[in-house]
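Structure assessment
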Amino acid sequence: MGSHITSILTAVGACVGFASAPANAQALLAEIPNPTPNVKRFGHSIDRVGDIDHDGIEDFAVGAPGLYPPDNDSGRVHVFAGGTGALIWSIQPPALHGHFGWAVSGAGDVDADGWDDIVIGAPRSGVNSEGRVYVFSGQTHALLHVDTGTPFAYFGYAVDGLGDVDLDGHDDWIAGTQIGNQTTYTGYARVYSGATGNVLYTYAGTVTDDNLGRAVARAGDVDLDGHADFLIGSYGRFVRLHSGATGGLLRELLPPSPAYVHFGSVLAGGFDVD
């Protein structure tokens with residue numbers, strides 16, 4: 001294949017990639033079927049994950065979190081070569097019945113070994129659907145870090161790699177849940193150290209139906225202080241931009257109109273648009 005996959009779109013039960021080109025000249029590079037057809041919802045989550053196989057071309061991961069019992073709900077994540085679309089790694093869920101792969105993202109180089117790593121959310125994992133977030137090594141495929149949410153929090157609904165928030169040479173990551181508490185749905189998000197797996201910052205919703213943590217994303221170095229900053233979204237209420245250096249609020253964005261009921265439910269950042 002002469003060029004590599006630069007834009008990924010989802011389809012029903014498959015993943016398709018298009019070459020970066022003007023809209024009227026985009027060419028289909030690959031259509032990738034589900035490698036494990038018994039694990040449903042292939043394409044539910046997708047993200048670039050860096051150059052996992054060290055061939056000089058960025059690769060991508062696709063989540064298949066599964067359905068609900070009695071179907072397979074344990075989930076799976078598949079990593080594909082950006083250059084060829086070939087399957088290079090299938091990540092098995094460490095625990096059953098967790099919707100492993102509901103969220104997936106490149107974590108950056110968490111363990112500072114020169115290889116890109118992967119962060120994965122499994123929001124139904126645990127006896128009480130606490131939810132878990134896993135970080136896997138891109139080099140050895142070993143499990144590097146895992147953290148668990150509070151009971152019935154469905155933690156791991158959203159994940160993203162952030163870059164180096166605390167400037168210790170290790171890339172860090174963020175995870176969130178829009179639920180947090182099944183009574184109030186306040187939600188919460190946590191930012192983690194790549195070096196230790198410890199929580200650097202925690203954010204929680206303050207009023208009923210805040211749904212803080214529905215979406216999380218890297219923002220890049222917005223305030224030019226050398227630290228990676230990050231975004232946390234609420235379902236229809238706000239998007240908050242936080243400083244990586246202090247964890248403090250840099251900016252809050254509100255919906256342009258009450259009609260934007262899904263404002264903040266999906267986020268992406270980290271690029272210099274202008």
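Here goes a summary of the coordinates provided. Remember, predicted model here, so these are calculated numbers, not experimental data. (Residues numbered from 1 in each chain as written. Predicted model: local features only at pLDDT ≥ 70, side-chain atom pairs only at ≥ 80, totals over all residues. Heavy atoms only, no water.)

1. Description of the overall build of the protein chain
Counting secondary structure elements, the protein chain contains 0 helices and 19 strands. Across the 274 residues of the protein chain, 50% fall into the buried class. Of all intrachain contacts in the protein chain linking residues separated by at least 6 positions in sequence, the fraction that spans at least 24 positions is 49%. Within the structure as shown, the protein chain displays about 12,000 Å² of accessible surface, and the carbon and sulfur contribution to it stands at 54%. (Helix = DSSP H or I, 4+ residues; strand = E, 2+ residues; numbered from the N terminus. Buried < 20%, exposed > 50% of the residue type's maximum accessible area, 1.4 Å probe, protein only. Contact = heavy atoms within 4.5 Å. Areas by Shrake-Rupley, 256 points an atom, 1.4 Å probe, with all protein chains shown as cover.)

2. Description of the sheet that holds strand 13 (residues 172–177)
Judged by pairing direction, the sheet is antiparallel, and its 4 strands sit side by side in the order 12-13-14-15 without closing on themselves. Here the strands that pair on one side only, and so sit at the sheet edges, are strand 12 (158–163) and strand 15 (199–204). Between one strand axis and the next, the sheet turns by 15 degrees as a mean value, whatever way the strands run. One ladder, built from 5 bridges, connects strand 14 (residues 188–192) with strand 15; its direction is antiparallel. The residue of strand 15 that forms the bridge with Arg190 is Thr202. (Pairing = 2+ DSSP bridges. Axes fitted to C-alpha atoms, helices over the stretch in contact; angles between N-to-C directions.)

3. Considerations on unusual backbone geometry
In this model, Ala112 sits at a positive phi of 55 degrees, which is unusual for a non-glycine residue. Its relative accessible area of 41% is what places Ala112 among the partly exposed residues. Backbone geometry places Asn211, a non-glycine residue, at a positive phi of 55 degrees.

4. A word on the environment of Ile32
Take Ile32: it is sitting in strand 3 (residues 28–33). As a C-alpha pair, Ile32 and Gly85 span 53 residues in sequence and 7.2 Å in three-dimensional space.

Fair warning: the whole summary comes from geometry, so function is off the table for now.
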